[in-house]
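# Structural description and commentary
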Amino acid sequence: MNKAFTKESDHQDDEEEGASGALPALPQGTRNYMTPEGYARMRAEFMTLLDEERPKIVEIVSWAAKNGDRSENGDYLYGKKRLREIDRRLRFLTKRLDIAEVADPSIHYGKDQVFFGATVTYSNAKGEERTITIKGIDESDSLAGEVSWIAPIARVLLKSREGDELQLMTPGGLEQIEVLEVHYPAPGSSGA
């Protein structure tokens, strides 16, 4: 079949992130909580793509299109592909930023109850300690000890207090954990 008669799908699921890996879909009926820092990072990425990167790629594609045969023009083909990736990411960011609910964790500073944005240290029955920070779906980074507020551990910890003993369902079975410490960033500071 001739390529002219095939449809290239650049309108894949907008919930796909495209260029740098897929983010989890937002569960139906939930809010897209984000910290002020996470919202600012997403907004900055959106503005950089829209104001800087996309115009550069459009200029390259326009230049490459004037060079003749587009089917073998690497600059043109790569540029069009990159434009699709940028546009997909812009659609994703627009949707996520539109439904974002910014929640400042510093309002809970000094409290010992776990809410969104808390940094929690807990231990299991073996005495192994772990510290995590509960963040938004779009901003959590497991390598930095951050978990999404919809993660199983976060759901178990939410609304608990220091000293509470909880049960966490893991792939290995039910595990007892104890909340050792809860803290929030101080008002006016950035991050946990």
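The following paragraphs examine the structure supplied in this document. (Residues numbered from 1 in each chain as written. Predicted model: local features only at pLDDT ≥ 70, side-chain atom pairs only at ≥ 80, totals over all residues. Heavy atoms only, no water.)

### Comments concerning the environment of Tyr39
With respect to the element layout, Tyr39 can be found in helix H1 (residues 36-65). Tyr39 gets classed as partly exposed once you look at its relative accessible area, which sits at 28%. The spatial distance from the C-alpha of Tyr39 to the C-alpha of Ala100 is 7.7 Å, given a sequence separation of 61 residues. Setting aside residues no more than four positions away along its own chain, Tyr39 makes contact with Met34, Leu97, Ala100 and Val102. (Helix = DSSP H or I, 4+ residues; strand = E, 2+ residues; numbered from the N terminus. Buried < 20%, exposed > 50% of the residue type's maximum accessible area, 1.4 Å probe, protein only. Contact = heavy atoms within 4.5 Å.)

### Regarding the sheet that holds strand E5 (residues 146-148)
Strand pairing within a sheet occurs via backbone hydrogen bonds; the two strands may be parallel or antiparallel. Read across the sheet, five strands follow the order E5-E4-E3-E7-E6 without closing on themselves; strand pairing throughout is mixed. Taken across any chain shown, the strands that pair with only one partner, and hence form the sheet edges, are E5 and strand E6 (165-170). Each adjacent strand pair in this sheet contributes to an overall mean axis angle of 45 degrees, direction not counted. Pairing geometry for strand E4 (residues 129-135) and E5, over three bridges, is parallel. (Pairing = 2+ DSSP bridges. Axes fitted to C-alpha atoms, helices over the stretch in contact; angles between N-to-C directions.)

### What about the packing of H1 against helix H2 (residues 74-98)?
Running from N to C, H1 and H2 cross one another at 155 degrees; their axes reach a closest spacing of 9 Å. Relative to H2, H1 is oriented roughly antiparallel. Both H1 and H2 take part in a crossing whose hand is left-handed. For the contact of H1 with H2, the residue count by class is 19 nonpolar, two polar and ten charged. (Parallel < 35°, antiparallel > 145°, perpendicular 65-115°, else oblique. Left-handed = near helix turned anticlockwise from the far one by under 90°. Nonpolar A, V, L, I, M, F, W, Y, C, P; charged D, E, K, R; others polar.)

### What to know about the nonpolar core
One broad rule of soluble globular proteins: the nonpolar side chains tend to lie buried together. If you look at the biggest cluster of nonpolar residues, it comprises 21 residues, and the most contacted ones within it are Val114, Val147, Ile153, Leu157 and Ile177. When contributions to this core are tallied by element, the ones reaching two or more residues are strand E3 (119-124), E4, helix H3 (152-157), E6 and strand E7 (173-183). Not counting chain neighbours up to four residues away, the residues in contact with Val114 comprise Val120, Ile134, Leu157, Leu158, Lys159, Ser160, Val182 and Tyr184. In this structure, Phe46, Ile86, Leu93 and Leu97 belong to the second largest nonpolar core, which totals 15 residues. (Core = buried A, V, L, I, M, F, W, Y, C linked by side-chain atoms within 4.5 Å.)

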